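# Observations on the model geometry
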Amino acid sequence: MTGHDTTPPPPGRYDPRRGGGPRRTAGPGPGTDGTRRPPPRPPIGLAERLALNRTGTFDWDLDSGTLDLDACGLEVFDLRPDEYGGRPGALAARIPPEEGYRLDAAVSQAVQDGAPSYGTYFRVLCRDGTPRWTHAQGHILRDRDGRPYRIVGLVREAGTEPADSGLLRSLQENRQRQTVMVQQTTAALSRALSVADVTRVLTGTGGARRFGADALILGLVDNDRFEVIAVAGLPGTTPEGMDVSRLDDTLPLSDAALSRRAAFLSSRGELIARYPRLRPYLDRIPTGSAVFLPLVAQDRVIGALGLFNAVPKQHTAEDRNLALALAGVVAQSLQRATLFDQEREFATGLQATMLPRVVPDIAGGEVTVRYHAASTGRDIGGDWYDVIPLPQGRTGLVVGDVQGHDTHAAAVMGQLRIALRAYATEGHAPETVLVRASRFLAELETERFATCTYIQADLESGALHVARAGHLGPLIWDAAGHTDWHPVRGGLPLGLATAFGQDHFPETQLFLEPDSTLLLCTDGLVETPGEDITAGIDALAAAVRDGPAELEALADRLSDQLWARSGSDDDMALVLLHRAPSAGTTAATPRFRLHVHQADPSGASEVRAMLRRTMDQWRAGPIAYDIEVAATELITNALTHTDSGALVTVELLPTRPGTPGGARRRIRLEVEDRSSRWPRRRTPGETATSGRGLMMVEALSDSWGAEPRGNGKALWCEFALPGEE
């Protein structure tokens, strides 16, 4: 016994003595279980296996440019052998341009990246016109230097595979990107009101990228001419003769507008071939694709839009649809903007005819004005100004603002300006002028009210009589460089004051020193949406203080720095009045005047507030409080013991050489009334409740006294500035 089993294995079992796979019987016969086996099937070759899966092969010789397709490959492309010439270009009969671009891009990217293979989906148009999804996969052969010389691969029908492939996700992402582009462009253009706004959206940051382009050019049709109005992303300026040209087919934008057909060009070469007139300007035209779109709104051609890319590109159906959709958005925006500009031009022209055309020259000074309509928004406002020659060499200054921003506000403004000018020319006092203007506005068939400040200025004496109706008071900038918003008592806005039975506009008297400037403005110069108006008032005072001395330059600076920068969503009227330096004087005497009415208990507090600011500017130091107390006592005496109001004057007097204490500057306080009764200094007892006013003035001041003044008198006192010798 050798110990080895020599019995042969049963049929179909593995025989380790002979090797190989399981042994099978030569034909059908009974199996081990007694059943019959089916006859053997013929083998399936590789070509047949590929054909059954609708898969063909290709061999692309990159050096010779030949592309061999087997029979199955031709069937995938639905081509007969006699229809294919062995060159890639022959496939153009079945591959649409946009799909060919996708296929070429995949191959080029793989070659440039040094990848060993590539794969991509694309669509084929069959003989009957139905689309067929196809997948191509190739292996790239390279020589020792890494240069590709051959691609061998498979091409097959993909059916519904793209539904689960990355291509579908890519297409969905592309559609989503296009949707975002349309939404962003629509949102940006929805806020554009004028044609200038539209061009800013298109040429601003990211403007061209919203259209999927690197550069753009926009033009409008004007009768039989075409005018370029916006360029972004292109080097240099628009060539001479092309910014405005005849409407014909020699230039792409003009051709698109004339023919109403969009042009999609894949490269600069194709662009030059179609429009040879552009050949001298090759250095200004990107090398990539270009799109020229007519802008049509309500069946009227408005203009044309050109889009440029830095790289060549075959435009897909999605690209074309996106471009046409964006062109429609731009066309609608331009049409709306054009109508807005026409309406605004009419409205501003109407408003301009209602404002003074000529500012009169005035003796003893200079006046300049500025008016700007709101640069944003459709409607105009009711702001106005006026400079009115008055009897006896005086000048009336007016700024005002009618409620609302529309043509009705402008119409009311025109009527009110004329009425107020007529009342002022008759020589009425400022309070009377505003009372009559308020009644005039209340009698108009309108619900609008108006704010206004009116000043009657006498530049010979420097006296300013101010009345205010719900408006900003004046800002005065003196020769020493100090700026101050002087407190001016006022009433309700014009119209409202009469409606509420309170048409009273108390008058305040100020003083404009020689070589000083007065400013009146509407709130458009100081008001910014979302900010406190006091911040704008402070900014205006700082701009005046730091601005140029020349009046015209100062007006320009205020417009540029404050109005144009603040958002410009409101009208602005500005009046500047400068009093010339007095002849023969080398320095102006700082002074202010305020009028306190008999029946106004708050007048004294306004004087004290003005004194505090003025004393701080004049560096009065410890005597500031003494001056404030003396002023309160003198005003109280005038209001209590006379039947008139009080005119308060405060002056900073220069030194008086040769007199005791003359080496020190002095502050002189005067309170004038219209009573002829002379003041009498009394000596009240300990229990007396009055009579100590003049005693306090005498104790606090360095000197005091009384002087006759026409039909009244003036009580005065002087205080030497401390620390000056």
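All of the points below concern the structure found in this document. Remember, it's a predicted structure, so these values are computed and weren't measured experimentally.

### Considerations on the packing of aromatic side chains
Within this structure, the stated rule accounts for two aromatic pairs. Between F77 and F122, the ring centres sit 6.3 Å apart and the planes meet at 25°, which makes this aromatic pair stacked. On the criterion of sequence distance, the pair formed by F77 in the loop between α2 (71-76) and α3 (97-113) and F122 in strand β3 (residues 117-125) is long-range, its members being 45 residues apart. For the pair formed by F77 and F122, the shared burial category is buried. Between the aromatic rings of F292 and F308, the centroid separation amounts to 5.6 Å while the plane-to-plane angle is 80°, which identifies the pairing as edge-to-face. Residue F292 is found in strand β10 (residues 290-297), and its partner F308 is found in strand β11 (residues 300-308); the two are separated by 16 residues along the sequence. Here F292 falls in the buried class, since its relative accessible area comes to 1%. According to the relative accessible area criterion, F308 is buried, its value standing at 8%.

### A few points about the sheet that holds β10
The strands making up a sheet associate through backbone hydrogen bonding, with each pair oriented either parallel or antiparallel. Here six strands make up an open sheet; going across it, the order is β8-β7-β6-β11-β10-β9 and the pairing antiparallel. Of all strands in the sheet, those with a lone pairing partner are β8 (244-246) and β9 (263-265), marking the two edges. The mean inter-strand angle of the sheet, taken between neighbouring strand axes irrespective of direction, is 25°. Pairing analysis gives eight bridges linking β10 to β11, with the strands arranged antiparallel. The residue bridging P294 from the neighbouring strand is A304, located in β11.

### Details of the side chain of S438
One can find S438 in helix α10 (residues 430-443). On the accessibility criterion, S438 (0% relative accessible area) is buried. Ignoring any residue separated from it by four or fewer positions in sequence, one finds S438 in contact with L494, G495, A497, T498 and F505.

### Here we look at the pairing of strand β14 (residues 395-402)
Counting buried positions along β14 gives eight out of eight residues, so the element sits mostly inside the fold. In β14, alternate side chains face the same way, and those of T395, L397, V399 and D401 on one face and G396, V398, G400 and V402 on the other are all buried. Direction of pairing for strand β13 (residues 382-389) relative to β14: antiparallel, over a ladder of eight bridges. Residue D386 lies in a different strand from β14, and its bridge partner there is V398. Joining the antiparallel neighbours β13 and β14 is a turn of five residues, in which Q392 adopts a positive phi near 60°. Summarising the sheet, β14 and strand β15 (residues 450-458) pair through eight bridges and their orientation is antiparallel. Bridge pairing links V402 to A450 in β15.

### Quick word on the sheet that holds strand β17 (residues 475-477)
Taking strand neighbours across the sheet as the criterion, the five strands line up as β12-β22-β21-β17-β18 in an open arrangement whose pairing is antiparallel. Of all the strands in the sheet, just β12 (365-372) and β18 (483-485) have a single pairing partner and so form its edges. Here the strands of the sheet are splayed against their neighbours by 15° on average, with no regard to which way each runs. Across the sheet, helix α12 (residues 533-546) is in contact with β17, β18 and β21 (517-521); its angle to β18 comes to roughly 150°.

### Quick notes on the environment of I151
Mapping I151 onto the fold places it in strand β5 (residues 148-157). A sequence separation of 34 residues divides I151 from S117, and the C-alpha atoms of the two residues are 8.6 Å apart. In contact with I151, not counting residues within four places along its chain, are F58, D59, W60, L62, V107, Y118, G138, H139 and I140.

### Quick word on the packing of helix α9 (residues 407-425) against α10
Between α9 and α10, the least distance of the axes is 9 Å, while the angle of their chain directions is 145°. In the packing of α9 onto α10, the handedness of the crossing is right-handed. Residues V412, Q415, L416, A419, L420, Y423 and A424 of α9 form the contact with α10, whose participating residues are V433, L434, R436, A437, F440 and L441. When grouped by side-chain class, the residues that make up the contact of α9 with α10 number 11 nonpolar, one polar and one charged.

### Brief notes about helix α6 (residues 252-259)
Taking burial as the measure, the eight residues of α6 include six buried ones, the bulk of the element. Among all positions of α6, only P252, L253, S254, D255, A256 and A257 are buried. Two residues or fewer past α6, R260 is found with a positive phi of approximately 60°.

About the cut-offs
- Residues numbered from 1 in each chain as written.
- Predicted model: local features only at pLDDT ≥ 70, side-chain atom pairs only at ≥ 80, totals over all residues.
- Heavy atoms only, no water.
- Phe/Tyr/Trp six-rings, centres within 6.5 Å; stacked < 30°, edge-to-face > 60°.
- Helix = DSSP H or I, 4+ residues; strand = E, 2+ residues; numbered from the N terminus.
- Buried < 20%, exposed > 50% of the residue type's maximum accessible area, 1.4 Å probe, protein only.
- Pairing = 2+ DSSP bridges.
- Axes fitted to C-alpha atoms, helices over the stretch in contact; angles between N-to-C directions.
- Contact = heavy atoms within 4.5 Å.
- Left-handed = near helix turned anticlockwise from the far one by under 90°.
- Nonpolar A, V, L, I, M, F, W, Y, C, P; charged D, E, K, R; others polar.

Interpretation in functional terms is not warranted from these geometric data alone.
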